[in-house]
Amino acid sequence: QVHVVESGGGLVQAGGSLRLSCAASGRTVSRYAMAWFRQAPGLEREFVAGISWNGDTSHCADSVKDRFTISRDNAKNTAYLQMNSLKPEDTAVYYCAARYYSGTYIFTGSNEYPFWGQGTQVTVSS
């Protein structure tokens, strides 16, 4: 099992920025892809961004690709989501997810990630 803990959420005004962090830990010999999802009240959980185990491949959803950037620190097994130009519609609980995968494909389905963090609230006011 991979233990996932995310942090960095908060309240920000429209146009502002936040950086979320996600620390993952598990077997000493493992390669796992990581991703960010978000879920607003009454809506389905949606894919935001994903990154491969070594950071060589990443992908962001069309709704955020011009504003958000995903990255990772391989030595620390930590992924980041830099969120700029935030909009009120970005308000949601943001979840970090992980899965064992040593390839380059970015999975975008929530059911493709077995390990999840507790979520961190991001609220964007206007």
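Note: the structure precedes this text.
The rules we used
- Residues numbered from 1 in each chain as written.
- Predicted model: local features only at pLDDT ≥ 70, side-chain atom pairs only at ≥ 80, totals over all residues.
- Heavy atoms only, no water.
- Buried < 20%, exposed > 50% of the residue type's maximum accessible area, 1.4 Å probe, protein only.
- Helix = DSSP H or I, 4+ residues; strand = E, 2+ residues; numbered from the N terminus.
- Pairing = 2+ DSSP bridges.
- Disulfide = S-S within 2.5 Å.

J.: Describe the pairing of strand E7 (residues 68–73), with residues and values.
T.: Going residue by residue along E7, you find Phe68, Ile70 and Arg72 tucked away on one face and Thr69, Ser71 and Asp73 left uncovered on the opposite face. As paired strands, E7 and strand E8 (residues 78–83) are joined by six bridges and run antiparallel to one another. Bridge pairing in E8 links Arg72 to Ala79. Between E7 and E8, which pair antiparallel one after the other, the connecting turn spans four residues, and Asn77 there sits at a positive phi close to 50°.

J.: Outline the state of the cysteines, listing residues and values.
T.: For the structure shown, the criterion picks out one disulfide. Between the sulfur atoms of Cys22 and its disulfide mate Cys96 the distance is 1.9 Å. Disulfide Cys22-Cys96: the torsion about the S-S bond is -85°, which places it as left-handed. Remark: Cys96 occurs in strand E9 (residues 92–100) and Cys22 occurs in strand E3 (residues 18–25); sequence separation between them is 74 residues. This pair shows no difference in class: Cys22 is buried, exactly as Cys96 is. In this structure Cys60 is not part of a disulfide, and its nearest cysteine sulfur, from Cys96, lies 13 Å away.

J.: Lay out unusual backbone geometry in plain terms, naming residues and giving numbers.
T.: Even without glycine at this site, Asn77 takes up a positive phi of about 50°. Relative to the elements of secondary structure, Asn77 occurs in the loop between E7 and E8. Under the relative-accessibility criterion, Asn77 is labelled partly exposed at 29%. For Ser85, which is not glycine, the phi dihedral falls at a positive 50°. Structurally, the position occupied by Ser85 is in the loop between E8 and E9. For Ser85, a relative accessible area of 40% translates into the label partly exposed.

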